[in-house]
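# Survey of secondary and tertiary structure
For reference, the chains in residue letters:
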Amino acid sequence: MKKKYLLALVLLLMGGNRLFSHPHIFIVPEIKFIYQNNEIKQVRVRWLFDAMSTFQILNVFDKNRNKRLDRSEKNQIKKKYFPALRQFNYFTFLAIERKSISIQPVQFKPYLRGKQLVYEFFLIPKVKGKSLLLYFFDKTNYVAFDLRANKIKVNSLVKKKIQDNKIYLKFK
């Protein structure tokens, strides 16, 4: 009996912060794959934030409290908030032909869709291929991404599979 308690105490001390970590920000990604000649040219990503995260971010950046994001407020998010995600690879992981590739989001813009905060950006793969894997992941477990909403757009030339919160594409 003492061994069980001792083991539980050791496990708690070694990994306690991981045991109790949980997401604080919830995002539903909307993805649109833009392709030509059976190759991905770019990927449009929209992150749809949950109500609490939207409220918190607006509370910081909506300086005039008009419940909108004005140009200067959007620029503040663009300059201060989004670049900080670089250290986490923007929570975005992309592989083409099973080869992981680095990403650099372009054309970032934050905006409100109704009362929901949206981050929109594009990924432009530098490698061409016939299969693609895309997923969003935060190893700190602070941000959770939910692909169950099935907001992934492809056409009939592409086979799509979503499994374990990962998007697999294969050109037919």
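Residues numbered from 1 in each chain as written. Predicted model: local features only at pLDDT ≥ 70, side-chain atom pairs only at ≥ 80, totals over all residues. Heavy atoms only, no water.

Secondary structure assignment for the protein chain yields three helices and 11 strands. The order of helices and strands in the protein chain, counted from the N terminus, is α-β-β-α-α-β-β-β-β-β-β-β-β-β. Across the 172 residues in the protein chain, those meeting the buried criterion constitute 38%. Summed over all atoms, the accessible surface of the protein chain reaches about 11500 Å², with 56% contributed by carbon and sulfur. (Helix = DSSP H or I, 4+ residues; strand = E, 2+ residues; numbered from the N terminus. Buried < 20%, exposed > 50% of the residue type's maximum accessible area, 1.4 Å probe, protein only. Areas by Shrake-Rupley, 256 points an atom, 1.4 Å probe, with all protein chains shown as cover.)

A contiguous patch of positive charge, built from Arg98, Lys159, Lys161 and Lys170, is present on the exposed surface. With respect to the helices and strands, Lys170 occurs in strand β11 (residues 166-171). Take Lys170: its relative accessible area is 46%, and that puts it in the partly exposed class. (Patch = residues over 30% accessible without salt bridge, like charges linked within 9 Å, V, L, I, M, F, W, Y side chains within 5 Å. Salt bridge = Lys/Arg side-chain N within 4 Å of Asp/Glu carboxyl O. Lys, Arg positive; Asp, Glu negative; His and termini not counted. Charge placed at Lys NZ, Arg CZ, Asp CG, Glu CD.)

What follows concerns the sheet that holds strand β3 (residues 92-96). Strand pairing in a sheet is mediated by backbone hydrogen bonds. Such pairs are either parallel or antiparallel. Read from one edge to the other, the open sheet built from five strands follows the order β4-β3-β7-β11-β10, with strand pairing classed as antiparallel. Strands with a single pairing partner mark the edges of an open sheet, and in this sheet they are β4 (99-101) and β10 (158-163). Neighbouring strand axes in the sheet, compared pairwise and without regard to direction, differ in orientation by 20 degrees on average. In this sheet, β4 lies alongside β3 in antiparallel orientation, the contact comprising three bridges. Directly across from Ile96, in β4, lies its bridge partner Lys99. (Pairing = 2+ DSSP bridges. Axes fitted to C-alpha atoms, helices over the stretch in contact; angles between N-to-C directions.)

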